[in-house]
Amino acid sequence: MMIEFILNGTPHKLDVEPEKRALDFLRDDMSLKSVKEGCGEGECGACTIIVDKKAVCSCMMLASELEGKEILTSEGLGNSENPHPIQQAYVKAGGVQCGFCTPGFVMSTKALLDENPNPSDAEIKKALEGNLCRCTGYEKIIDSVKLASEMIASE
């Protein structure tokens with residue numbers, strides 16, 4: 001089936017398999033490796049992307065559901081040459097350990113800070129509750145969100 005969508009700021013019109021998950025489409029067909037499969041059940045957040053300004057688990061969507069949507073992945077947020085302040089904050093505050101969960105946390109953070117630029121600790125925890133990390137103990141991730149908020153406010 002033919003779908004049209006905007007991915008990381010670039011319009012696309014592509015043929016997709018109707019039963020293919022958005023996660024597999026983004027990784028395999030669009031070569032976006034920041035979108036990772038952890039649980040495949042919408043519980044871990046490793047595959048989090050932003051669709052029309054909302055953080056969603058791409059393992060729980062079909063590629064066909066991207067029709068007419070605007071999608072943002074970590075690759076569209078920034079890169080090693082020009083990282084977004086959220087990405088910089090995760091590095092500076094130590095919110096990055098093995099890195100597997102980091103893109104999902106970064107995208108959940110982006111959705112949160114776009115909606116609430118100065119969240120409380122409780123609001124941060126609520127926004128990130130769908131993302132799991134086995135390495136950091138979460139404090140450094142919360143510190144990363146706070147630092148990102150400060151960095152964005154000072155731009």
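Residues numbered from 1 in each chain as written. Predicted model: local features only at pLDDT ≥ 70, side-chain atom pairs only at ≥ 80, totals over all residues. Heavy atoms only, no water.

Caption draft 1: Quick look at unusual backbone geometry. A positive phi angle, near 50°, is found at Asp52, a position not held by glycine. On the secondary structure map, Asp52 appears in the loop between β3 (48-51) and β4 (54-57). On the basis of relative accessibility, which here comes to 38%, the residue Asp52 falls in the partly exposed class. (Helix = DSSP H or I, 4+ residues; strand = E, 2+ residues; numbered from the N terminus. Buried < 20%, exposed > 50% of the residue type's maximum accessible area, 1.4 Å probe, protein only.)

Caption draft 2: Looking closely at helix α3 (residues 85-92). Within the sequence span of α3, burial applies to Pro85, Ile86, Gln87, Ala89 and Tyr90. The inward-facing, buried residues of α3 abut α2 (74-77), α4 (102-115), α5 (121-128) and α6 (139-153). Backbone geometry just downstream of α3 places Gly94 in the positive-phi region, at approximately 80°. (Contact = heavy atoms within 4.5 Å.)

Caption draft 3: Fine view of the nonpolar core. Counting 21 residues, the largest nonpolar core has Tyr90, Phe105, Leu128 and Val145 as its most contacted members. The dominant element in this core, judged by the number of residues it contributes, is α4, at six residues. Discounting residues that sit within four places of it in the chain, Phe105 has contacts with Tyr90, Leu128, Asn131, Leu132, Cys133, Tyr138 and Ile141. In this structure, Ile3, Phe25, Cys59 and Met61 belong to the second largest nonpolar core, which totals 20 residues. (Core = buried A, V, L, I, M, F, W, Y, C linked by side-chain atoms within 4.5 Å.)

Caption draft 4: The arrangement of the pairing of β4 in detail. Relative to β4, β3 is paired through four bridges, and the arrangement is antiparallel. The residue bridging Thr48 from the neighbouring strand is Cys57, located in β4. Once β3 ends, the chain turns through two residues before running back antiparallel as β4, passing Asp52 with a positive phi of about 50°. (Pairing = 2+ DSSP bridges.)

Caption draft 5: Layout of the sheet that holds strand β1 (residues 2-7). The five strands lie next to each other as β2-β1-β5-β3-β4, forming an open sheet whose pairing is mixed. Single-partner strands in this sheet number two, and they are β2 (10-15) and β4. The sheet shows a mean angle of 40° between the axes of neighbouring strands, taken without regard to direction. Strand direction decides the pairing type here: β1 and β2, joined by six bridges, are antiparallel. (Axes fitted to C-alpha atoms, helices over the stretch in contact; angles between N-to-C directions.)

Caption draft 6: Spotlight on the pairing of β2. When you tally the buried positions in β2, you get zero out of six residues, a small fraction of the element. Count of turn residues in the β1/β2 antiparallel hairpin: two residues, of which Asn8 carries a positive phi of about 50°.

Caption draft 7: Quick peek at α4. Helix length check: α4, at 14 residues, gives a terminal C-alpha distance of 20 Å against a target of 20 Å (1.5 Å per residue), a fit within 8%. The element α4 is extensively covered by neighbouring structure, given that twelve of its 14 residues are classed as buried. Three or more residues of α4 are buried, namely Thr102, Pro103, Gly104, Phe105, Val106, Met107, Ser108, Thr109, Lys110, Ala111, Leu112 and Leu113. (Expected span 1.5 Å × (residues − 1).)

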